[in-house]
Amino acid sequence: QVHLVESGGGLVEYGGSLRLSCAASGSIYRISTMGWYRQAPGKQRDLVATITNGGTTNYSDSVKGRFTIARDNAKNTVSLQMNSLKPEDTAVYYCSALVKTTRFTRETDYWGQGTQVTVSS
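Everything in this summary refers to the structure shown in the same document. (Residues numbered from 1 in each chain as written. Predicted model: local features only at pLDDT ≥ 70, side-chain atom pairs only at ≥ 80, totals over all residues. Heavy atoms only, no water.)

With respect to the overall build of the protein chain
If you tally the helices and strands in the protein chain, you get zero helices and 11 strands. Across the protein chain, helices and strands are ordered from the amino to the carboxyl terminus as β-β-β-β-β-β-β-β-β-β-β. Here the C-alpha radius of gyration of the protein chain, 14 Å, is about what a compact globule of 121 residues would show, namely 14 Å. C-alpha atoms of the protein chain, sized along the principal axes, occupy 50 × 25 × 20 Å. Burial status across the protein chain gives 38% buried among its 121 residues. For the protein chain, the proportion of contacts with a sequence separation of at least 24, taken over those separated by at least 6, is 56%. For the protein chain, the computed accessible surface area is about 6,500 Å², with 47% contributed by carbon and sulfur atoms. Distance from the positive charge centre (13 side chains) to the negative charge centre (9 side chains) of the protein chain: 7 Å. (Helix = DSSP H or I, 4+ residues; strand = E, 2+ residues; numbered from the N terminus. Rg over C-alpha atoms; globule rule 2.2 N^0.38 Å. Buried < 20%, exposed > 50% of the residue type's maximum accessible area, 1.4 Å probe, protein only. Contact = heavy atoms within 4.5 Å. Areas by Shrake-Rupley, 256 points an atom, 1.4 Å probe, with all protein chains shown as cover. Lys, Arg positive; Asp, Glu negative; His and termini not counted. Charge placed at Lys NZ, Arg CZ, Asp CG, Glu CD.)

Concerning unusual backbone geometry
For asparagine 76, which is not glycine, the phi torsion reads 55 degrees and is therefore positive. Mapping asparagine 76 onto the fold places it in the loop between strand S7 (67-72) and strand S8 (77-82). Phi is positive for serine 84, which is not a glycine, with a value near 50 degrees. Within the secondary structure layout, serine 84 lies in the loop between S8 and strand S9 (91-100). With relative accessibility at 39%, the residue serine 84 sits in the partly exposed group.

The structure is reproduced here in structure tokens:
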């Protein structure tokens, strides 16, 4: 079993910054892609940013230039630095990881429990 635990959410004013962190633990052979998604009330869960184990990143257009994703492969962690936050960034943010638990198993997508980010105007 694999567990993802997020931290770092909270309340911040318009234009402020927050840093989210996520740590993966458990039966991990290899993690390929890690990422952050978010879900606002009444809306679907959307991609924020992803990063491969080789460091290739992908961002949604709405956060490009404001958010930065990074990971530490040795520690199985991923972070999201969020700057210039806007009220529309308010959502529950979820960490995800595509994990092989052994050399022979297929990759499975695991999710954290989510952390609330609220940006006041």
